[in-house]
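Residue strings, one per chain:
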Amino acid sequence: MTQIQANRDFMKCPFPLGDSMKKSDQQAGVAHPPHGKPSVGNLISLKSFETNCPVTNDSYKDLLDIRRSVRVYDENAPMTQEQLAFLLYSIQGIQSHRGSNSAFTLRPVPSGGARHPFEVYIAVRNVDGLEKGIYRYVPTENIGGKAVTVEFLKNLDNHEEQIADMVVGQRWVIAAPVVLFISCVPYKAEWRYVEHAHRIVLVDLGHVGQNAMLSAVALGLGSCCLGAYNQQLCDQLLGLDGQDEYTVYGISVGKETEKTASA
Ligand SMILES: Cc1cc2nc3c(=O)[nH]c(=O)nc-3n(C[C@H](O)[C@H](O)[C@H](O)COP(=O)(O)O)c2cc1C
């Protein structure tokens, strides 16, 4: 079979799954995987977007009309903590648990089987009151609430140059105050869907990207999805093993420069 044929087949819906689901770990009674990774770094509670709402545009139609990929950012405009908190909550915040043993989480994005097989890393260059570096969103810290906690992981040796390398030389990304890197933890979906998981994960990922882009517009910011990235370098700099967790998407976010905003 050619690679193209294998990839086309991979994208096709396998439902009804019949007997193949019987071999899932879920069916075998294996406990569900944790909803997020354990934290090892300093936990930082971001300023609340509920107390000081940063949303400047809440007409859904306007959001759809305005959303465009933005690739020219005002490098001097910081993102506020409230903006970052809203952005993170809108893509992966945990609103509630469902199921026996709280096996499922419900979040602002849908996910096949409510598996939400992602982690969100934040390359912070310019956010008010946050040190430059790599952070991870820890939604399990604030289940059912709207507070947002991030975990500080590390500084990069040369933040701007390494970000450019991570996105295979798309140097305009450097000016963004924040670049989100979404990783996939495939077992979270395989636990339920076995070999059928991966197609669903890719569909889930699109929802994450769309919420991020619409939230950016609502916050008066611009964003661009990044499917072109250096897999090995991203995994290495984010501290991922490349097997049980690996990078699947990037999203740059920031204030569009006045020049392109009016173009
Ligand atoms: C999966 C995906 C990957 C993308 N990867 C990149 C990328 O690496 N670099 C880039 O400049 N734009 C990237 N884009 C943005 C597209 O080029 C953009 O969405 C398209 O040109 C349509 O423009 P619009 O978003 O303004 O409607 C990506 C978009 C998607 C959905």
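Trainee: Mind laying out the overall build of the chain, listing which residues take part and the relevant values?
Mentor: Counting secondary structure elements, the chain contains 8 helices and 9 strands. In summary, the chain has a C-alpha radius of gyration of 19 Å against a globular reference of 18 Å for 263 residues, a match within 12%. With the principal axes as the frame, the chain shows a C-alpha extent of 55 × 45 × 40 Å. Considering only intrachain contacts with a sequence separation of at least 6, the fraction spanning at least 24 residues in the chain is 74%.

Trainee: Please give an account of unusual backbone geometry that cites residues and values.
Mentor: Comment: phi is negative for the bulk of residues other than glycine, and the bulk of peptide bonds are trans. Despite not being glycine, alanine 114 shows a phi value in the positive range, around 50 degrees. Among the secondary structure elements, alanine 114 is positioned in the loop between strand E3 (104-106) and strand E4 (118-124). Its identity as a non-glycine residue notwithstanding, histidine 116 has a phi of 45 degrees, on the positive side. If you trace the backbone, histidine 116 turns up in the loop between E3 and E4. Taking the number of C-beta atoms within 10 Å as the measure of exposure, histidine 116 has 25 and is therefore buried.

Trainee: Can you break down the site of the ligand residue by residue, with the values?
Mentor: Neighbouring residues of the ligand: Arg68, Ser69, Arg71, Gln170, Cys224, Cys225, Leu226, Gly227 and Ala228. Grouping the amino acids of the shell around the ligand by side-chain chemistry returns 4 nonpolar, 3 polar and 2 charged.

Trainee: Tell me about the sheet that holds strand E1 (residues 42-45), and name the residues and values.
Mentor: An order of E1-E6-E5-E4-E7-E9-E8 is seen for the 7 strands of this open sheet, with the pairing classed as antiparallel. In this open sheet, the two edge strands, each paired with only one partner strand, are E1 and strand E8 (222-226). The average undirected angle you get between the axes of adjacent strands in this sheet is 30 degrees. As defined by bridge partners, E1 adjoins strand E6 (residues 149-154) across 4 bridges and the pair is classed as antiparallel. By the bridge assignment for E6, leucine 43 is matched with glutamate 151. Along the sheet, helix H7 (residues 231-238) makes contact with E4, strand E5 (133-137), strand E7 (178-184) and strand E9 (246-254), crossing E9 at roughly 80 degrees.

Trainee: Can you break down helix H6 (residues 197-218) residue by residue, with the values?
Mentor: Relative to the 32 Å expected for 22 residues at 1.5 Å per residue, H6 spans 32 Å between its end C-alpha atoms, a close match to the ideal helical length. Those residues of H6 that sit buried are Ala197, Val201, Asp204, Val208, Gly209, Ala212, Met213, Ser215, Ala216, Val217 and Ala218. Once H6 ends, the next one or two residues include glycine 220, with phi positive near 80 degrees.

Trainee: Help me get a handle on the packing of helix H3 (residues 81-92) against H6, residues and values and all.
Mentor: The interhelical angle for the contact between H3 and H6, taken along N-to-C directions, is 150 degrees, at an axis separation of 8 Å. In terms of orientation, H3 lies roughly antiparallel with respect to H6. When the axes of H3 and H6 are compared, the crossing they make is right-handed. Residues Phe86, Leu87, Ser90 and Ile91 of H3 pack against Val208, Asn211, Ala212, Ser215 and Ala216 of H6. A class-by-class count of the residues in the contact of H3 with H6 yields 6 nonpolar, 3 polar and no charged.

Trainee: Outline the nonpolar core, listing residues and values.
Mentor: Nonpolar side chains tend toward joint burial in soluble globular proteins. In terms of nonpolar packing, the biggest core is built from 63 residues, with Leu87, Leu88, Val120, Ile122, Val178 and Leu180 touching the most fellow members. Ranked by residues supplied to this core, first place goes to H6 with 8 residues. Dropping the residues within four chain positions of it, valine 178 is found in contact with Met79, Leu84, Ile122, Ala123, Val124, Arg125, Val127, Val253 and Gly254.

Trainee: How would you sum up the pairing of E9? Please name residues and give values.
Mentor: With respect to burial, E9 is a largely interior element, 8 of its 9 residues being buried. Bridge count for E8 against E9 is 5 bridges, and the pairing is antiparallel. What sits directly across from glycine 222, in E9, is glycine 254.

Trainee: Let's hear about the environment of alanine 103: which residues, and what values?
Mentor: As for its placement among the helices and strands, alanine 103 is situated in the loop between strand E2 (96-98) and E3. The exposure class of alanine 103 is partly exposed, given the 18 C-beta atoms found within 10 Å. Placed 72 residues apart in sequence, alanine 103 and alanine 31 show a C-alpha to C-alpha distance of 8.2 Å.

Trainee: Tell me about the packing of helix H4 (residues 159-166) against H7, and name the residues and values.
Mentor: With their axes 8 Å apart at the nearest point, H4 and H7 run at an angle of 135 degrees to one another. Classed by the angle they form, the pair H4 and H7 counts as oblique. Contact residues: H4 offers Gln162, Asp165 and Met166, while H7 offers Leu233, Cys234 and Leu237. Along the lines of polarity and charge, the residues of the contact of H4 with H7 split into 4 nonpolar, 1 polar and 1 charged.

About the criteria used
Residues numbered from 1 in each chain as written. Predicted model: local features only at pLDDT ≥ 70, side-chain atom pairs only at ≥ 80, totals over all residues. Helix = DSSP H or I, 4+ residues; strand = E, 2+ residues; numbered from the N terminus. Rg over C-alpha atoms; globule rule 2.2 N^0.38 Å. Contact = placed C-beta atoms within 7 Å. Buried ≥ 20, exposed ≤ 12 C-beta atoms within 10 Å, placed from the backbone. Near = placed C-beta within 6 Å. Nonpolar A, V, L, I, M, F, W, Y, C, P; charged D, E, K, R; others polar. Pairing = 2+ DSSP bridges. Axes fitted to C-alpha atoms, helices over the stretch in contact; angles between N-to-C directions. Expected span 1.5 Å × (residues − 1). Parallel < 35°, antiparallel > 145°, perpendicular 65-115°, else oblique. Left-handed = near helix turned anticlockwise from the far one by under 90°. Core = buried A, V, L, I, M, F, W, Y, C linked by C-beta atoms within 7 Å.

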